Amino acid sequence: MQLIQNTADLSADLAADEVIDHHHHVVRETAARLTEGVADSYAYARAAYEFVRDTIPHSADSGDPRVTWRASDVLERRTGICHAKAHALAALLRAEDVPTALCYQRLTHDDGGHVLHGLVAVRFHGAWHRQDPRGNKPGVDARFSLDGERLAWIPDPAAGETDHPVLYEAAHPAVLAALRAAPDRPYLWRTLPDTL
């Protein structure tokens, strides 16, 4: 699949905003810890990915009802769904000047319908590479990779699932609106969009 930048200006994929708040002290302190002992930006990107994937539980897996969406809140509260974890990873990567975009998949939801799943794409060696920081569990084995995708799920077109090829510099408004409006994760599960 050919990934398509939403904007041609690569600096947009380094910017901070209300969601990807990489100037926040929690993001900066976490990034500083993760840079210790890494040789280059690639090693840092892998360390940041593994940190978000492995130390911030996906709230559906842990049973945490709290909804987070701002990167600093995800890092501080140590919880979030896929979108929130993607925001946190994007902030950590952008904090160290790694161009990072947000991207989405349409997957089958637990209730049999569909839901948007959040990922990131990092830019290395002149190309975009999608990464899924959702968090591993039985049946899910996502890995950081610049040599072929190692995502949590591969969409099944026969089931109405699809990869969205557009890379966004900011959280998609439909996703952000659902996250902000949700008082808890069960409510969010019923209101997350299923298409862009």
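What this report covers is the structure whose coordinates are included nearby.

### A word on the overall build of the chain
So, point 1. What the chain contains, in helices and strands, is seven helices and six strands.
So, point 2. Each helix and strand of the chain, ordered N terminal to C terminal, gives the series β-α-α-α-α-α-β-β-β-β-β-α-α.
So, point 3. On C-alpha atoms alone, the chain measures out to a radius of gyration of 15 Å, which is about the 16 Å that the 2.2 N^0.38 rule sets for 196 residues.
So, point 4. With respect to the principal axes defined by its C-alpha atoms, the chain has extents near 45 × 35 × 30 Å.
So, point 5. In the chain, which comprises 196 residues, the proportion classed as buried is 50%.
So, point 6. A separation threshold of at least 6 residues defines the contact pool for the chain, and within that pool the share at least 24 residues apart is 62%.
So, point 7. Here the chain has roughly 8700 Å² of accessible surface; of this, 50% comes from carbon and sulfur atoms.
So, point 8. For the chain, the distance from the average position of its 20 positive side-chain charges to the average position of its 28 negative side-chain charges is 3 Å.

### A word on the nonpolar core
So, point 1. Leu75, Leu92, Leu93, Leu102 and Leu188 are the most contacted members of the largest nonpolar core, which totals 50 residues.
So, point 2. Elements that contribute at least two residues to this core include exactly α1 (25–35), α2 (41–55), α4 (71–77), α5 (82–95), β2 (100–108), β3 (114–124) and α6 (173–181).
So, point 3. In this structure, Leu92 is in contact with Val27, Thr30, Ala31, Leu34, Tyr44, Ala48, Phe51, Val52 and Leu75, ignoring residues within four places of it in sequence.
So, point 4. Of all hydrophobic cores here, the second largest spans eight residues; its members include Leu3, Ala121, Trp128 and Leu151.

### Some thoughts on α6
So, point 1. For α6, the full list of buried residues reads Val175, Leu176, Ala178 and Leu179. Each buried residue of α6 lies within a common arc of 160 degrees when the element is viewed along its axis, so the set occupies one face. Exposed residues pointing more than 90 degrees away from the buried face of α6 are listed as Pro173 and Ala181.
So, point 2. Tucked inside the fold, the buried residues of α6 contact α5, β2, β3 and α7 (185–191).

### Quick word on the side chain of Thr68
So, point 1. In this fold, Thr68 is placed in the loop between α3 (59–62) and α4.
So, point 2. A distance of 2.7 Å separates a polar side-chain atom of Thr68 from the backbone oxygen of Thr79.
So, point 3. Apart from the residues lying within four places of it in its own chain, the contact partners of Thr68 are Asp73, Val74, Arg77, Thr79, Gly80, Ala84 and Leu179.

The rules we used
Residues numbered from 1 in each chain as written. Predicted model: local features only at pLDDT ≥ 70, side-chain atom pairs only at ≥ 80, totals over all residues. Heavy atoms only, no water. Helix = DSSP H or I, 4+ residues; strand = E, 2+ residues; numbered from the N terminus. Rg over C-alpha atoms; globule rule 2.2 N^0.38 Å. Buried < 20%, exposed > 50% of the residue type's maximum accessible area, 1.4 Å probe, protein only. Contact = heavy atoms within 4.5 Å. Areas by Shrake-Rupley, 256 points an atom, 1.4 Å probe, with all protein chains shown as cover. Lys, Arg positive; Asp, Glu negative; His and termini not counted. Charge placed at Lys NZ, Arg CZ, Asp CG, Glu CD. Core = buried A, V, L, I, M, F, W, Y, C linked by side-chain atoms within 4.5 Å. Arc of directions from axis to C-beta. Polar contact = N/O pair within 3.5 Å; in protein donor to acceptor, adjacent residues only side chain to side chain.

By themselves, these figures tell us nothing about what the structure is for.
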